[in-house]
Amino acid sequence: MIEALLKYTFLQHAFITAILASVVCGIIGTIVVEKKLVMMSGGIAHTAFGGIGLGYCIGIEPIVGALFFAGGSSFAVAAIKRNTNTNPDTLIGILWSMGMAAGILFISLTPGYPPDMSSYLFGDILTVSVFDIYTITVLVSFIVFIMIAFYNYWKSFLFDEEFSFVIGLKTAFMEYFMFLLIALTVVVLIRVVGIILVISLLTAPPAIAKFFTYDLKKMMALSILIGMIFSISGLWLSYYFNIPSGAMIILLIGSVFFLTAFLKRRQSRK
Amino acid sequence: MNREDGKAIDVQNLSVYFGKQPALKDVTFSVHKGIMLGIIGPNGGGKSTLLKTILGLVTPDKGKITIFGKGNKIQRERGVLGYVPQVASFDRLFPIKVIDVILSGRLNKTMKPFKFFSGEDKKAGEEVLDSMGIEALKNRQIGQLSGGQLQKVLIARALIHKPAILLLDEPTASIDSQTKNQIYNILNSLVPKITVVVVTHDMAAVSSYFDYIACLNTALHYHGDKELTQETVDETFGCPVDLIAHGVPHRVYREDGDVYHD
């Protein structure tokens, strides 16, 4: 494997992408899991598909379209949640399906042969370009900076939004910003494992980390590490057995979660 | 002393509706600086809503609230308000330790990048942990605390912020009576330096610890000193509540004959 890694740039790109993706999903995934925003993240991911379709249709980079749709829908959920009584869970369900439908509509309107959407649905880490890596690096650096620089404010906001509001923190802004970061992360991860499987990378590493720590920043750090270990292992296994890489990573991390859960239960029973 | 200056909280004709249902209807009263006020009333009577409206967490449909004569947004940004929410509202599984909860009270509206807690912040944390008697719990995750312990942590967090007005929502719900007394004694010691408003079900505490009470059941039925009559309580609760058994009330010395009734 190591020789292959040294020889093939596509494998190098895949590895770098896996590491970058692990960093961002360790941080954002921890927030998503703790604030119970998994449904929301899934919704954003599927709504992004509408943006991808639009991108193809009007001839812009699909990821840019995805970014607009993902950002727009996350703001819509935040705004509607704050201003009406509609349950965000319901709202997300509606946006989720409309997003996918819009994507399919736009693609059907695109002249010529329809593009292969499976790389967006299922991800294709082995065809990541240098441009993609630059984009992902910028986004990941931005998210890491924001998290570290304002860590204590985020922690207070995530734990108790009301108290944070009362002492003067700008919680409405933070909520919108948090949703924006989730949308950005989802769009970044689309390239790696695809829309359908984004959820697993955001949820399984933090869920596993939670068995081992009670500290928010340790949970983020551990999630990053777990993400890295298993996405690289997944890549390696998929290379050896010639199976789709995205799917391999997800099955691996998911299985590890259930194994850990099972072992932890047995341990607490002794 | 001009009465206007003395008003920590002034509520005028406050109405809050959830859909068509009124949570609060035309509530008017004021809270003077440096006193301890108890707000009592039945469940669903709007007590928490009143607190949240004062804090700005709920926007009123009608009416106005001022805090030391200014709007609550300005006062929030100046760090004037302190809040102790109900213990039941927390996700106990959240990965945060007692000391982290408390230190978050040291944050304020100026969101500086790379704000890490200084030695001074940590010292303040130690002091407030000591004053609440919970130094031993410093590094525990909040899920590892009892209800009473978490209550003290939340109070510590509010206190470290050094608010001028402290609002507490049922701080003694599901707590044993010894801890209750501890908590009320701590709150009493804060007054008159700060103003304390407590929403409570605890009728027994009403007689011993509070200066004034407000009886709230969507509308305000009584706001004054502790001379509660059986009539007022019945009216507030909508059904007879046994006052005598809880040892309420006894006469209170009226300072200047001011009348707070509406």
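Parameters and conventions
Residues numbered from 1 in each chain as written. Chains lettered and ligands numbered in written order. Predicted model: local features only at pLDDT ≥ 70, side-chain atom pairs only at ≥ 80, totals over all residues. Heavy atoms only, no water. Salt bridge = Lys/Arg side-chain N within 4 Å of Asp/Glu carboxyl O. Helix = DSSP H or I, 4+ residues; strand = E, 2+ residues; numbered from the N terminus. Buried < 20%, exposed > 50% of the residue type's maximum accessible area, 1.4 Å probe, protein only. Pairing = 2+ DSSP bridges. Axes fitted to C-alpha atoms, helices over the stretch in contact; angles between N-to-C directions. Parallel < 35°, antiparallel > 145°, perpendicular 65-115°, else oblique. Left-handed = near helix turned anticlockwise from the far one by under 90°. Contact = heavy atoms within 4.5 Å. Buried area = accessible area lost by both parts, 1.4 Å probe. Polar contact = N/O pair within 3.5 Å; in protein donor to acceptor, adjacent residues only side chain to side chain. Nonpolar A, V, L, I, M, F, W, Y, C, P; charged D, E, K, R; others polar.

A. Up close: the pattern of salt bridges. Summed over all chains, the structure comprises 14 salt bridges over all chains. D91 of chain B serves as the salt-bridge partner of K36 of chain A, at 3.5 Å between the closest nitrogen and oxygen. Residue K36 of chain A is located in the loop between α2 (9–34) and α3 (38–58), and its partner D91 of chain B is located in the loop between β5 (81–84) and α3 (98–103); the two belong to separate chains. The exposure class assigned to K36 of chain A is exposed, which follows from its relative accessible area of 61%. For the salt bridge of D215 of chain A with K97 of chain B, the shortest nitrogen-to-oxygen distance reads 3.7 Å. Remark: K97 of chain B occurs in the loop between β5 and α3 and D215 of chain A occurs in the loop between α11 (198–209) and α12 (216–241); the pair is interchain, linking two chains. The exposure class of D215 of chain A is buried, given its relative accessible area of 7%. The structure contains a network of salt bridges with shared partners spanning R106, K115, E120 and D121 of chain B.

B. Spotlight on the pairing of β5 of chain B. Residues and elements named next belong to chain B. Neither face of β5 is open: one carries L81 and Y83, the other G82 and V84, and all of them are buried. Judged from the four bridges that link them, β5 and strand β6 (residues 165–169) form a sheet pairing that is parallel. Bridging from a neighbouring strand, V84 pairs with L168 of β6.

C. Focus on the packing of α11 of chain A against α12 of chain A. All names here are of chain A. Where α11 contacts α12, the two axes come as close as 8 Å, and the packing angle between them is 120°. On the basis of their axis angle, the class for α11 and α12 is oblique. Judged by the sense of rotation from one axis to the other, the crossing of α11 with α12 is right-handed. Contacts between α11 and α12 involve P205, P206, I208 and A209 on the former and, on the latter, M219, L222, S223, I226 and G227.

D. Structural detail: the interface of chain A and chain B. Tallying the contact residues gives 27 residues for chain A and 38 residues for chain B. Of the roughly 3100 Å² buried between chain A and chain B on both sides combined, carbon and sulfur atoms contribute 67%. Applying the counting criterion to the chain A and chain B interface returns five salt bridges. Residue D100 of chain B pairs with K155 of chain A through a salt bridge whose shortest N-O separation is 3.2 Å. Taken together, the links from chain A to chain B amount to twelve residue pairs in polar contact (both at pLDDT 80 or more). At the level of elements, α7 (130–149), α8 (151–159), α9 (161–166) and α12 of chain A are the ones that each hand at least two residues to the side of chain A that touches chain B. Per-element tally for the side of chain A that touches chain B: the top contributor is α8 of chain A, with six residues. Its residues placed into classes, the side of chain A that touches chain B shows 16 nonpolar, three polar and eight charged.

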